[in-house]
Amino acid sequence: MNNGTFITFEGPDGAGKSTILSMVAAQFPNALVTREPGGIDIAEQIRQVILAKENIKMDPRTEALLYAAARRQHLVEKVKPALEAGQLVLCDRFVDSSLAYQGYARGLGLNEVFSINQFAIEQMMPDLTIYFDIEPEIGLMRINKNKGREVNRLDLENLSFHQKVREGYLLLLDRFPERIKRIDASKTMDEVFVEALKLVDRKVSEKKQR
Ligand code: TMP
């Protein structure tokens, strides 16, 4: 039985979703806050392999499979038990990242990447996905300004890759309008935070009423 609420935060690199996630999480002290790829030891180890700058030889399907493997382990070890215990789970990235980055931007196909992910997640889709929408030019500028942030293998992709990531997300928004809600992440941080908090609050109370 799954009594909890599963909410994922998605968007291109530099959309500010991780910062907003920690601001929202501060309002829900009992929430489980986690991220992908990573969140638990095995998945953090897989993250190192996927994102290491020296792994330029990595095949796109290998990349997609590694994300799905990290996702599986994180889900069974951390997310599922929390949801079963009735907790709110706020997760930085989930299956939509694989669809936008590997399925669309890498060109593997949305349906193909969704099918390997179905094997990994067994129908455990989020109750709500907040998509932080940003023009890639602005997102990449924000990343370059943030000197403390790790620069990973995907950050090093060119602008047209990041444009495709955004196009991929916009397609997903079209395909799953009930689940995915868009926020314009070029607004001020306070505005984005207020909108994100409203969406989370609404979903949490909706689930409680069921
Ligand atoms: P992060 O910078 O948000 O921690 O994410 C790491 C990178 O991994 C980011 O560039 C997005 C990418 N990514 C994918 O390409 N596919 C996935 O399934 C996930 C979860 C992340």
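Residue positions are given per chain, counted from 1 along the sequence in the order it is written. In keeping with the model being predicted, local features are shown solely for residues with a pLDDT of at least 70 and side-chain atom pairs are shown and tallied solely at 80 or more, while totals for entire chains, interfaces and linings include all residues. Calculated side-chain values reflect all of the structure's heavy atoms, with hydrogen atoms and water omitted.

Peer 1: Tell me about the overall build of the protein chain, and please be specific about residues and values.
Peer 2: Think of it this way: any DSSP run of H or I at least four residues long counts as a helix, any run of E at least two long counts as a strand, and we number them from the N terminus. For the protein chain, the count of helices and strands is eight helices and five strands. Going from N to C terminus, the protein chain has its helices and strands arranged as β-α-β-α-α-β-α-α-β-α-α-β-α. Our radius of gyration looks at C-alpha atoms and nothing else; its globule reference is 2.2 Å times the residue count to the power 0.38. In summary, the protein chain has a C-alpha radius of gyration of 16 Å against a globular reference of 17 Å for 210 residues, a match within 12%. Once the C-alpha set of the protein chain is aligned to its principal axes, its extents read approximately 50 × 40 × 35 Å. A simple rule labels every residue: compare its accessible area, found with a 1.4 Å probe on the protein chains alone, to the largest value its type can have, and call it buried under 20%, exposed over 50%, or partly exposed in between. Going through the 210 residues of the protein chain one by one, you find that 50% of them count as buried. Partitioning the contacts of the protein chain with sequence separation of at least 6, the portion at a separation of at least 24 is 80%. Carbon and sulfur atoms make up 52% of the accessible area of the protein chain, which totals about 10500 Å². Under the convention used here, Asp and Glu are negative, Lys and Arg are positive, and both His and the chain ends fall outside the count. To locate a charge, the coordinates of NZ of Lys, CZ of Arg, CG of Asp or CD of Glu are taken. Of the side-chain charges in the protein chain, 30 are positive and 30 negative, and the distance between the mean point of each set is 1 Å. Only heavy atoms matter for contacts: two residues are in contact if any of them lie within 4.5 Å across the pair. Calculation of accessible area relied on Shrake-Rupley with a 1.4 Å probe; when residues are assessed, cover is drawn exclusively from the protein chains displayed.

Peer 1: I'd like a rundown of the site of the ligand, residues and numbers included.
Peer 2: Any residue with a heavy atom positioned within 4 Å of a molecule or strand is treated as near that molecule or strand. Taken together, 16 residues lie near the ligand, and Tyr67, Arg71, Arg93, Ser98 and Gln102 sit nearest. Side-chain polar atom of Arg93 to an oxygen atom of the ligand: 2.7 Å apart, as the coordinates give it. By the criterion applied in these results, polar contacts are pairs of N or O atoms within 3.5 Å in which, for protein atoms, one can donate a hydrogen and the other can accept it, and in which residues neighboring in sequence qualify only through two side-chain atoms. A distance of 2.6 Å separates an oxygen atom of the ligand from a polar side-chain atom of Ser98. In the complex, 96% of the free accessible area of the ligand, which totals 470 Å², lies under the protein chains. The set of elements that each furnish at least two residues to the shell around the ligand consists of helix 2 (41-51), helix 3 (60-84) and helix 4 (95-105). Tallying contributions element by element places helix 4 first for the shell around the ligand, with four residues. Each residue is assigned to one class: nonpolar for Ala, Val, Leu, Ile, Met, Phe, Trp, Tyr, Cys and Pro, charged for Asp, Glu, Lys and Arg, and polar for all the others, Gly among them. Split by residue class, the shell around the ligand holds five nonpolar, four polar and seven charged.

Peer 1: So what about the packing of helix 3 against helix 5 (residues 110-121)? Which residues, and what values?
Peer 2: Relative to each other, helix 3 and helix 5 sit at 25°, their axes nearing to 8 Å. Put simply, helix 3 runs roughly parallel to helix 5. When the axes of helix 3 and helix 5 are compared, the crossing they make is right-handed. Contacts between helix 3 and helix 5 involve Ala64, Leu65, Ala68, Arg71, Arg72 and Leu75 from the first element and Ile116, Asn117, Phe119, Ala120 and Ile121 from the second. Taken together, the residues that form the contact of helix 3 with helix 5 break down as eight nonpolar, one polar and two charged. Each axis is a line fitted through C-alpha atoms, and for a helix only the stretch in contact is used; angles between axes span 0 to 180 degrees, taken between their N-to-C directions. For this classification, under 35 degrees means roughly parallel, over 145 means roughly antiparallel, 65 to 115 means roughly perpendicular, and everything else is oblique. Left-handed describes a crossing in which the near helix is turned anticlockwise from the far one by less than a right angle; the clockwise case is right-handed.

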